Amino acid sequence: MTQKKLIAGWEQALRSAGDPLASEQEFAHLAERLTMVTLAGLTPTADADAAGRRLGRLLADAHLTAPRAIGQALMVLARYAPDVGDLHREQQLVRMQGGLAAGHAAAVQRRLLLQQESIHQASSSARDEVARALSDSEARWRRLVDQAPVGIAVGDIDGNVIEVNHALQNMFGLSVDEMRSMKIQEYIHPEDGAAVWQQYADTAQGVLEEFKAEKRFVRKDGEGIWTNLSVSLIRDPDGDPAFMVAVIEDITERYLLQERLQHEATHDPLTGLPNRVLFLQRLDRAVADPGPGDRIAVLFIDLDGFKFVNDSRGHIVGDRVLIAVAERLSEAALPSGAFVARLAGDEFVALLTGGSQDLVPMQVAEDLLAALKQPLKVTGQLPVQVGASVGVVELAAAGSNSAEIMQAADLALHAAKEAGKGRVVEHDPQRKAGQLTRFQVAMQLPGLVERGELALVYQPLVRLSDGDLHSVEALLRWKHPTMGSLSPDMFIRIAEENAAILPIGRWVLDRACADLAVSDWPAVNINVSVRQLYSPQFVDDLRRALDRAELEPSRLRVEITESVVMNLEDTEPIAVLDSMIDLGVRLVMDDFGTGYSNLAALRRLPWHELKLAGTFLQSTRSGRPWSPTDQRILKTLVDLAHSLDLLVTAEGVETAEQDAQIRGIGCDVAQGWFYAVPEPLHPSSDVTAKRVPPVTAPTPVIRPGSGATPNQRRKPTDTAPMNTIQVRR
Amino acid sequence: MGGSTLTNPQWVGDDIDLSRPSVSRVYDFYLGGFHNFGPDREMAEKAIAGWPDLPLIMKANRAFLRRGVTYMVEQGVRQFLDIGSGIPTVGNVHEVAQGLAPDAKIVYVDNDPVAVAHSKSLLEGNANAAVLAGDFTDPQELLEAVEALGLLDRSQPIALLLNALLHFIPEEAKPGELIATYRDWTPPGSYLLMCHATNELHPSTQTEEIQELYTKATATMNFRGRTEVEAFFEGYELIEPGVSLAALWHPDSEISLEEAERVPGWAGVGKKP
């Protein structure tokens, strides 16, 4: 009975505070076990204290650790006391209670210590894990930052540098300590925009979260570097600005490359001058944002006779000449502050901007021309003389546009060329309507022959001894549908720059031969371009034209500019000339006396005639006679030619005085308005009459049907709107 | 094994804050354990002062877990994924399961680094049990870690144990969708065990006080009703008697409704068809 009561008592105690985690079965088992230990401890010889300790331990092990549990356990034993029977057992029971309390306390204490230790260990190992993870993570970040290819720096908002990575140290050539010893503000660069430092201040104050900028720095060795700078703000937990992180990418190489590419894109590689692109940019800028009263002037400069230099002395010399010209022009432009550029080939341009008082474009243009007056020194060569023509346009910057300005300058340049080269001509707005731009010409050149817009006029060469017709020179005209008759100066030069010259040259040859065949002229002179001499077809063309017209080859005379031939190094054109001579065609050396060729070179080819350069007469055009020295030199030249059995022709004879002068030095043949104007094969309405220009030396030619006096007729206006300009260059 | 996952910066903070009561250590205190610190005990004592039955309730939860695990082992389940396992005190799943079937495999997961560290030392030498640091609300990462561990075989049924966990998951975390993710990860024949605190049975003063106390702990208390708890078993077939009071789920012995209602938690076990 007592045992059952005890079991019930333990079950009661366990149930109110017992281990609910074990199953009912285990639960009952524990109650039974506690009862057995209790009863065994109460036997007379038993160690009741030890039994009590065991009970306490069992309870604690069953998770009955709360103070309440020990009270309930003691109550189980106390309630059992009336049933134990004798004094000894009661004493045993008391001892057991004492043991239970002590055993439970000891077991709970042990558990407490163990579990506290275990949870502390757990928390500390968890902390270690977190710390290790953080340190790993920090180490990874540190490695990442240090090995990053971009510079990274951390600074505080007071401008102190705290951390810098390796890349940044290398970039700046500074050590960590050196970088830390500098305030962020000391990393200023003279070329920093104000915006960078304003953004920096705003970021430090938390107004901006980040900013990016292109910024320059100076390395320790003094070398400048260009960087992409990106700065971000880091706030503290309260949201206040705390640190700034700068990521700095070295873009020096890229920048320099860009600069170089930019320079290459905007500069002429030969002369180093700004090119068309940069010039137009400057012009656009000047036009786009003019100050009040600002004026713009553009000087369009084109070398006279450069093509000739190039053709006769080779491209290497030509290039050196351009370099020398560029230097001269740049130097001459310095005082005026003009912006000089090379547009293309031998075309240069200068831009002037400023108020109307400061702007003296005509003066600048004259200065530029003057700068070219002295022969250019070209390495390893004889000095080269080139002239230039300048077209000037000046106008108010406001309301202008670049294209119109350039077109106007181009027109002015044309006018300068027409006016006889070596001149400065200011743009006249009135003239614009009657002119073609180079661009327009270039666009209209193809198909010129097919469209039938070419025509030849013929100017007689008169034999001075008897006034008879010696030959006629075929001069080319472009019957432009809207512009009227254009002289070769307007288009031949452009035609020579592309292949258009070849069909034109072929047409001239065919036409001249055909016209000669139906005329009673003794001969015809034609001009041949250098390009034609290089054309493999040229000799065939010549032969075919002669055959078709059934001409005696000696009646065809090919005029070739002296210096072109004299300086020909290539074998092809020489071979072409040889073939021509073999055919029986006669060679006339044109423009004799302008080049640096010497007379000995005349022996290289069997020339028949030579034509003195028109420039010899230029000094007499103004009415001044030749100086005795001039006179003697020319006389010597003519005598020399005669000694080589060459006929000498004087070109561009316009006055009776000039006529007398050329006779004086012994010229054989003369050509010029004084004798006859260039006329078409069928000049008048009387197309059926084969007409030889009447020549009566020394009286000027008077065309039938014209009532004009010789003096009035010197500047004819009916045949061509401009001077007779021959197909050459 | 679980150590490396501790470095996961997604949810491990810069430091372990022992000044905040941890739900797992508070739970340990309720169960008579000493794996706790002052702030844990302070909070637990306050809670018990307002609701003296709390230790009893926790023990009843634990007893339900024991009965549920026992049931599933009897059904042949040998793999357990216990999420929110807390401080392993007594009657742990691996003790119960491996006591019945020594080859049973258990993976514990908790987001409390101290609980994880403690479990690690406790499980030392147990080849069939492991602990991982993980967050129930990030199923993808948690399951990746579980798979990386290689202890569980996804071709065999796995019991997902969410004992006294979901009332720490607020609605914003979409607990239903989370459970579905875990469910889809387990093969057919797998189980879900759940026990969830409710405020449907007790005066609101008591439950609100508990909620207030837990606002300062590592997780908040989100009571839910029986219907809501049943909805968590979507995709599972509930084992008889369905979602019931924890004490009434397969009790070891007869228990009165009055006694059972002292433990305000809805509990249930479901099987994925």
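Under an unreviewed UniProt entry, the name given to chain A is EAL domain-containing protein, and the source organism is Kineosporia babensis.

Caption draft 1: How the structure looks around the overall build of chain B. A tally of helices and strands in chain B yields 10 helices and eight strands. A buried classification covers 60% of the 273 residues belonging to chain B. Across chain B, the fraction of contacts at a sequence separation of at least 24, relative to all contacts at a separation of at least 6, is 74%. Approximately 10,900 Å² of chain B is accessible, and the part contributed by carbon and sulfur atoms is 50%.

Caption draft 2: View of the overall build of chain A. When helices and strands are counted, chain A shows 24 helices and 19 strands. Residue burial in chain A is summarised as follows: out of 729 residues, 48% are buried. Within chain A, contacts between residues separated by at least 24 positions form 66% of all contacts whose residues are at least 6 apart in sequence. For chain A, the accessible area works out to roughly 34,600 Å², and carbon and sulfur atoms hold 54% of it.

Caption draft 3: Spotlight on the confidence of the model for chain B. In the predicted model, chain B carries a mean pLDDT of 87, and 94% of its residues have values of at least 70. pLDDT under 50 marks residues 1–13 of chain B. Its contacts with residues more than four places away, or in other chains, come to 26 contacts.

Caption draft 4: Molecular detail of the sheet that holds strand β6 (residues 295–304) of chain A. Residues and elements named next belong to chain A. In spatial order, the strands read β7-β8-β6-β9-β10; together these five strands make up an open sheet with mixed pairing. Of all the strands in the sheet, the pair left with one neighbour each is β7 (339–344) and β10 (424–426). Neighbour-to-neighbour, the strand axes of this sheet turn through a mean angle of 20°, independent of strand direction. With five bridges connecting them, β7 and strand β8 (residues 347–354) associate as antiparallel partners. For Val340, the partnering residue across the bridge sits in β8 and is Ala350. Taken strand by strand, helix α10 (residues 276–288) contacts β6, β7 and β8, and its axis lies near 130° from that of β7. Relative to strand β9 (residues 387–396), helix α14 (residues 402–418) is tilted by about 140°, and along the sheet it contacts β6, β7, β8, β9 and β10.

Caption draft 5: Expanded view of a positive patch on the surface. Where like charges cluster on the molecular surface, the positive patch consists of Arg33, Arg54, Arg57 and Arg110 of chain A. By secondary structure assignment, the location of Arg33 of chain A is in helix α2 (residues 24–41).

Caption draft 6: Summary view of the packing of aromatic side chains. Residues and elements named next belong to chain A. Going through the model one piece at a time under the given rule, you end up with 12 aromatic pairs over all chains. Each ring, one from Phe674 and one from Tyr675, has its centre 5.1 Å from the other, and the planes form 85°; the classification is edge-to-face. Aromatic rings pair up to connect Phe172, Tyr187 and Phe217 into one cluster. If you follow Lys215 out to its NZ or CZ, it ends over the ring of Phe217, 4.2 Å from the centre.

Caption draft 7: Looking closely at the nonpolar core. Of all hydrophobic cores here, the largest spans 72 residues; its most connected members are Phe491 and Ile662 of chain A. A total of eight residues in this core trace back to one element, the largest contributor, which is helix α17 (residues 501–518) of chain A. Phe491 of chain A has contacts with Val441, Leu445, Leu448, Leu454, Leu476, Arg477, Trp478 and Leu486 of chain A, leaving out every residue within four places of it along the chain. Phe80, Ala159, Phe168 and Val269 of chain B belong to the second-largest nonpolar core, a separate cluster that totals 55 residues.

Caption draft 8: Structural context of the packing of helix α5 (residues 87–147) of chain A against helix α5 (residues 113–122) of chain B. Between α5 of chain A and α5 of chain B, the least distance of the axes is 8 Å, while the angle of their chain directions is 115°. Put simply, α5 of chain A runs roughly perpendicular to α5 of chain B. Crossing geometry of α5 of chain A relative to α5 of chain B is assigned as right-handed. Between α5 of chain A and α5 of chain B, the contacting residues are Ser118, Ile119, Ala122, Ser123, Ser125, Ala126 and Glu129 of chain A on the first element and Pro113, Val114, Ala117, His118 and Lys120 of chain B on the second. Residues that form the contact of α5 of chain A with α5 of chain B fall into these classes: six nonpolar, four polar and two charged.

Caption draft 9: Up close: the packing of α10 of chain A against α14 of chain A. Relative to each other, α10 of chain A and α14 of chain A sit at 115°, their axes nearing to 9 Å. Residue-level contacts link Phe279, Leu280, Leu283, Asp284 and Val287 of chain A of α10 of chain A to Ser402, Ile405 and Met406 of chain A of α14 of chain A.

Caption draft 10: Summary view of the confidence of the model for chain A. Per-residue confidence for chain A averages 81 on the pLDDT scale, and 87% of its residues sit at or above 70. Segment residues 684–729 of chain A: pLDDT under 50, and 93 contacts once partners within four positions in sequence are set aside and those in other chains are kept.

Caption draft 11: A look at the environment of Thr271 of chain A. Residue and element names in this part refer to chain A. Along the chain, the position of Thr271 falls in the loop between α9 (252–266) and α10. Judged by relative accessible area, Thr271 falls into the buried class, the value being 16%. It is 7.9 Å that separates the C-alpha atoms of Thr271 and Glu327, two residues lying 56 residues apart in sequence. Once residues within four sequence positions are removed from consideration, Thr271 is found in contact with Leu322, Ile323, Ala326 and Arg342. Among the polar contacts listed, one links the side chain of Thr271 to the side chain of Asp268, at a separation of 2.5 Å. Among the polar contacts made by the side chain of Thr271, one reaches the main-chain amide nitrogen of Leu273 at a distance of 3.2 Å.

Caption draft 12: Representation of helix α3 (residues 54–74) of chain B. All names here are of chain B. The terminal C-alpha atoms of α3 lie 30 Å apart, and with 21 residues this matches the ideal 30 Å at 1.5 Å per residue to within 8%. The buried count for α3 comes to 19 of 21 residues, which makes it a mostly enclosed element. Directly after α3, the chain includes Gly76, whose backbone phi takes a positive value near 100°.

Caption draft 13: Region of the structure containing the side chain of Thr207 of chain B. All names here are of chain B. Topologically, Thr207 is positioned in helix α8 (residues 204–214). The class of Thr207 is buried, set by a relative accessible area of 3%. Sequence-distant contacts of Thr207, defined by excluding residues within four places in its chain, comprise Trp51, Thr198, Asn199, His202 and Phe223.

Caption draft 14: Quick peek at the pattern of salt bridges. Residue and element names in this part refer to chain A. Counting across every chain of the model gives 40 salt bridges over all chains. For Arg235, the salt bridge identified is with Glu209, shortest N-O distance 2.4 Å. Taken as a pair, Arg235 in strand β4 (residues 224–235) and Glu209 in the loop between α8 (194–204) and β3 (210–218) lie far apart in primary sequence, 26 residues in all. Owing to a relative accessible area of 42%, Glu209 belongs among the partly exposed residues under this scheme. By sharing partners, the salt bridges in this structure join Glu473, Glu559, Lys611 and Glu651 into a single network.

Caption draft 15: Fine view of the sheet that holds β3 of chain A. Residue and element names in this part refer to chain A. If you trace the five strands from one edge of the open sheet to the other, you get β2-β1-β5-β4-β3, paired in antiparallel fashion. Strands with a single pairing partner mark the edges of an open sheet, and in this sheet they are β2 (161–164) and β3. Neighbour to neighbour, the strand axes of the sheet diverge by 25° on average, direction disregarded. Pairing of strand β1 (residues 151–156) with strand β5 (residues 241–250) involves six bridges; the strand directions are antiparallel. Residue pairing in the sheet places Asp156 in a bridge with Phe243 of β5.

Caption draft 16: Spotlight on the environment of Ala246 of chain B. All names here are of chain B. Along the chain, Ala246 falls in the loop between β7 (244–245) and α10 (257–261). For Ala246 and Ala267, which are 21 residues apart along the polypeptide, the C-alpha to C-alpha distance reads 4.8 Å. Other than its neighbours up to four places away in sequence, Ala246 contacts Asn61, Phe64, Arg67, Cys195, Val263, Gly265 and Ala267.

Conventions and cut-offs
- Residues numbered from 1 in each chain as written.
- Chains lettered and ligands numbered in written order.
- Predicted model: local features only at pLDDT ≥ 70, side-chain atom pairs only at ≥ 80, totals over all residues.
- Heavy atoms only, no water.
- Helix = DSSP H or I, 4+ residues; strand = E, 2+ residues; numbered from the N terminus.
- Buried < 20%, exposed > 50% of the residue type's maximum accessible area, 1.4 Å probe, protein only.
- Contact = heavy atoms within 4.5 Å.
- Areas by Shrake-Rupley, 256 points an atom, 1.4 Å probe, with all protein chains shown as cover.
- pLDDT = per-residue confidence, 0-100.
- Pairing = 2+ DSSP bridges.
- Axes fitted to C-alpha atoms, helices over the stretch in contact; angles between N-to-C directions.
- Patch = residues over 30% accessible without salt bridge, like charges linked within 9 Å, V, L, I, M, F, W, Y side chains within 5 Å.
- Salt bridge = Lys/Arg side-chain N within 4 Å of Asp/Glu carboxyl O.
- Lys, Arg positive; Asp, Glu negative; His and termini not counted.
- Charge placed at Lys NZ, Arg CZ, Asp CG, Glu CD.
- Phe/Tyr/Trp six-rings, centres within 6.5 Å; stacked < 30°, edge-to-face > 60°.
- Lys NZ or Arg CZ within 6 Å of the ring centre and 35° of its normal.
- Core = buried A, V, L, I, M, F, W, Y, C linked by side-chain atoms within 4.5 Å.
- Parallel < 35°, antiparallel > 145°, perpendicular 65-115°, else oblique.
- Left-handed = near helix turned anticlockwise from the far one by under 90°.
- Nonpolar A, V, L, I, M, F, W, Y, C, P; charged D, E, K, R; others polar.
- Polar contact = N/O pair within 3.5 Å; in protein donor to acceptor, adjacent residues only side chain to side chain.
- Expected span 1.5 Å × (residues − 1).

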